[in-house]
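Read off the chains here:
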Amino acid sequence: MKFFAALSVVASIASLAAAQGVAILSPPAQSTFAPGDKFVVDIDRHDSLTPSKELSVAIGLLNCAQQQPDSSATCDGIDLTQGLGSVLYAGPYTPQVRPGGDDLFQNFTVQVPEGFPAGPALLSVTHFALVGAVSWPMLQILNETVNISQ
Ligand SMILES: *[C@@H]1O[C@H](CO)[C@@H](O)[C@H](O)[C@H]1NC(C)=O
Ligand SMILES: *[C@@H]1O[C@H](CO)[C@@H](O)[C@H](O)[C@H]1NC(C)=O
């Protein structure tokens with residue numbers, strides 16, 4: 001019985017995460033930016049019926065080659081829980097209804113730091129919210145690969 005109860009908790013947490021999670025709508029993966037460039041990170045959330053309290057997001061940019069033992073220019077196998085790299089934004093997430101849409105969103109204008117190394121980099125969004133009547137603490141780390149030019 002305990003086993004089945006645990007399973008159903010896992011299942012409902014997974015469905016909460018799916019319903020309350022965010023997505024990176026912009027920039028598209030494989031976008032190219034130069035050091036000093038500004039760009040918009042559009043963080044989207046479904047407007048769900050489950051009560052949830054949005055707390056915060058952190059947007060990170062991590063050069064991939066520096067994380068690889070052989071300095072290879074790939075972002076495979078990097079563990080973002082060990083570090084997000086340069087923090088481009090960290091603070092409140094207060095999404096608003098998207099004009100003409102059903103979702104909630106917030107745009108963050110961020111900047112590639114001067115001197116950021118060229119090559120593939122992981123753009124990450126870490127999202128923290130309290131979900132449902134039990135205030136389940138949800139921490140979500142999303143990523144996509146972008147290219148930093150010289
Ligand atoms: C990046 O996100 C994908 C899913 O979109 C996941 O499979 C991958 O493990 C993540 N990479 C890192 C470095 O967290
Ligand atoms: C938010 O960013 C997206 C993607 O860049 C853009 O299409 C949209 O117009 C922006 N919305 C606002 C209100 O600035």
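Overview of the structure. Source: prediction; values computed, not measured.

## Some details on the environment of Cys-75
Tracing the backbone shows Cys-75 in the loop between β4 (52-63) and β5 (86-92). Its relative accessible area of 13% is what places Cys-75 among the buried residues. Through-space distance from the C-alpha of Cys-75 to that of Asn-63 is 8.4 Å; in sequence the pair is 12 residues apart.

## Details of the site of ligand 1
Taken together, Ile-78, Leu-80, Leu-122 and Asn-143 are the residues near ligand 1. Asn-143 places a side-chain nitrogen or oxygen 2.3 Å from an oxygen atom of ligand 1. Tallied by class, the residues present in the shell around ligand 1 amount to 3 nonpolar, 1 polar and no charged.

## Examining the site of ligand 2
As a matter of local geometry, ligand 2 sits amid Ser-26, Val-40, Asp-42, Phe-105 and Asn-107. Side-chain polar atom of Asn-107 to an oxygen atom of ligand 2: 2.4 Å apart, as the coordinates give it. Bound to the protein, ligand 2 loses 40% of the 360 Å² it would expose on its own. Within the residue set of the shell around ligand 2, elements represented by two or more residues are β3 (38-45) and β7 (104-111). Partitioned by chemical class, the residues of the shell around ligand 2 number 2 nonpolar, 2 polar and 1 charged.

## What to know about the state of the cysteines
If you walk through the whole model with that rule in mind, you get 1 disulfide. Between the sulfur of Cys-64 and that of Cys-75 lies a disulfide, 2.0 Å long from S to S. Linking Cys-64 and Cys-75, the disulfide has an S-S dihedral of approximately 100° and is accordingly described as right-handed. Here the residue Cys-64 occupies a position in the loop between β4 and β5, and Cys-75 occupies one in the loop between β4 and β5, the gap between them amounting to 11 residues.

Rules behind the numbers
Residues numbered from 1 in each chain as written. Chains lettered and ligands numbered in written order. Predicted model: local features only at pLDDT ≥ 70, side-chain atom pairs only at ≥ 80, totals over all residues. Heavy atoms only, no water. Helix = DSSP H or I, 4+ residues; strand = E, 2+ residues; numbered from the N terminus. Buried < 20%, exposed > 50% of the residue type's maximum accessible area, 1.4 Å probe, protein only. Near = heavy atom within 4 Å. Polar contact = N/O pair within 3.5 Å; in protein donor to acceptor, adjacent residues only side chain to side chain. Nonpolar A, V, L, I, M, F, W, Y, C, P; charged D, E, K, R; others polar. Areas by Shrake-Rupley, 256 points an atom, 1.4 Å probe, with all protein chains shown as cover. Disulfide = S-S within 2.5 Å.

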